[in-house]
Amino acid sequence: MRIPFAALLCAAVFASPAIADDSSAALGMGGLQFTKAADIRMAKEDLFISPKAVRIRYEFANDGAHDVDSIVAFPLPDIDTWEFYEEPIGTVGDDPVNFVGFTATIDGKRVPVQVEQRAFLKDKDVTATIKSMGLPVNILLAGNVRKLDKLDAVKKQALEKAGLVQNEGQGQEHPRWTVRTKFYWTQHFPAGKTVTIEHSYTPVTGQTFFSDYDLKPKQDPDGGRRWQRDYCMDGPTLAAIAQRIKQLSKPDQSGMLNIYSTDFILRTANNWKGGIGELHLTIDKLKPSNILSLCWNGDLKKTGPTTFESVLRNVRPARDIQMVVLENPQP
C-alpha cells in the first residue's frame, strides 16, 4: 500500500533564495549496478537524500565459499540533447563528464573509477561520428554547444544528413543525440566477508513554480494532477500548500512557491540476493519552513528540524523514490 507522507511547517516562514525565471528538469539517478553474482547480498543500505545531496553507504556480504570479482557501475542519467537544448537541466556542474560530482570510496579509501561517455541516436551508437567532427559528446554543458554552431558548412551538412542535428537557421544547429555516461570499476568481494562501499553525488533536482492553479487538477490536468499523483500529496499537504500560497498572494497577483523535485531509482536493489537486508532512509527538506511530500511504504519519523527517517528490513522496493520540497521565494 502506498502511504502518503507530508512534512508540514507550523512555525514562522523563512526567506529562501529565488530560482531563475525558467524552470529546469529533474533527472532520476539511483544506486550502484553490479554484474549479477548469486552469492553477493546487500546486507545494509544507508541512504540520505536532499534536493542538494545524495549520500549512500552500502554493506555487501559475500555469502559464498569463493571470492568474487564484479564490475561495479554507476550510470548517470541520460541527457537528451534535443529535449534539453532549450530547457535547462537542474543542478548540474560544469564538468561535461562528471556533471553530478560523483565520488566513491571502498572501506574508507577513495577508489579510482573509469568513465565511459557515449552518444546514441535511438539505439545506434554515434560516438565515433560526433568525435570525428571535433565535438564533445556532452554538447550541452560547459558552453560546448557553441562548438557545434562554429562548425564549417561541410561538417554541418554531414551531421544533418546523418540525422544528428537539425538546422535552425542563422547558423544554428539543434543536436538530436542522447548522452549516456557511466562510471565503473572492478570490485573484489572476499568470501565470507563484508565490503563497505560509499558514494555521493549532487542529484539533478528540477526547479519550477507551484501556484494555486496546480492545486486544481481539473483546470490543469497535466500539472496539478501529476504533482498530486506522483508525489502523494495528501489532504493535509495540499491544505498547507494552499495556505502558504494564500499568505504569499497579493490583491492583484496569486502567490507562488518554488518547488524542487528529486528522484532516486531504488528498484535496482531488487537485483540483489534477498533485496536489501536493512534500509535506513534519511530525508532532509533543508529548511524548517519547507513543505515535503513523497510516497513511501513505511513509517517516516521526524528526527530533526528538517530531517525524517525510516528503517525497513528485507526490502524489495516496488517503486522508486520521488520527492518534492516546496519553499517560499525570496521577497
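Residues numbered from 1 in each chain as written. Predicted model: local features only at pLDDT ≥ 70, side-chain atom pairs only at ≥ 80, totals over all residues. Heavy atoms only, no water.

Visitor: Tell me about the pairing of strand E13 (residues 172–175), residues and numbers included.
Guide: Pairing geometry for strand E12 (residues 165–169) and E13, over four bridges, is antiparallel. Each residue of the ladder has a partner; that of Gln-166, found in E13, is His-174. The hairpin turn running from E12 into E13, its antiparallel successor, is two residues long, and Gln-170 in that turn takes a positive phi close to 55°. (Pairing = 2+ DSSP bridges. Helix = DSSP H or I, 4+ residues; strand = E, 2+ residues; numbered from the N terminus.)

Visitor: How would you summarise the nonpolar core if you had to cite specific residues and measurements?
Guide: Residues Leu-47, Ile-49, Leu-135, Trp-177, Phe-264 and Ile-321 are the most contacted members of the largest nonpolar core, which totals 57 residues. Excluding its chain neighbours within four sequence positions, the residues that come into contact with Ile-49 are Val-54, Thr-262, Phe-264, Leu-281, Thr-282, Ile-283, Asp-284, Ile-321 and Met-323. Ranked by size, the runner-up nonpolar core spans 13 residues in total, among them Tyr-231, Ala-240, Ile-245 and Val-324. (Core = buried A, V, L, I, M, F, W, Y, C linked by side-chain atoms within 4.5 Å. Buried < 20%, exposed > 50% of the residue type's maximum accessible area, 1.4 Å probe, protein only. Contact = heavy atoms within 4.5 Å.)

Visitor: Please provide a residue-by-residue account of the packing of aromatic side chains, values included.
Guide: Taken as a whole and judged by the stated rule, the model has seven aromatic pairs. Here Trp-227 and Tyr-231 contribute two aromatic rings whose centre-to-centre distance is 5.6 Å and whose plane-to-plane angle is 35°, an arrangement assigned as tilted. Both residues of the pair, Trp-227 and Tyr-231, count as buried. Through successive ring pairs, a cluster of aromatic residues spans Phe-74, Phe-102, Phe-183 and Tyr-201. Here the guanidinium or amino end of Arg-176 rests over the ring plane of Trp-82, the centre of that ring lying 4.4 Å away. Over the aromatic face of Phe-120 sits the side chain of Arg-180, whose NZ or CZ is 4.5 Å from the ring centroid. (Phe/Tyr/Trp six-rings, centres within 6.5 Å; stacked < 30°, edge-to-face > 60°. Lys NZ or Arg CZ within 6 Å of the ring centre and 35° of its normal.)

Visitor: Can you explain the environment of Gly-274? Please cite residues and give values.
Guide: Among the secondary structure elements, Gly-274 is positioned in the loop between strand E17 (256–265) and strand E18 (276–284). The exposure class assigned to Gly-274 is partly exposed, which follows from its relative accessible area of 42%. The spacing of Gly-274 and Arg-316 is 42 residues in sequence and 7.7 Å in space, taken between C-alpha atoms. Beyond its immediate chain neighbours, meaning those up to four positions away, Gly-274 contacts Val-315 and Arg-316.

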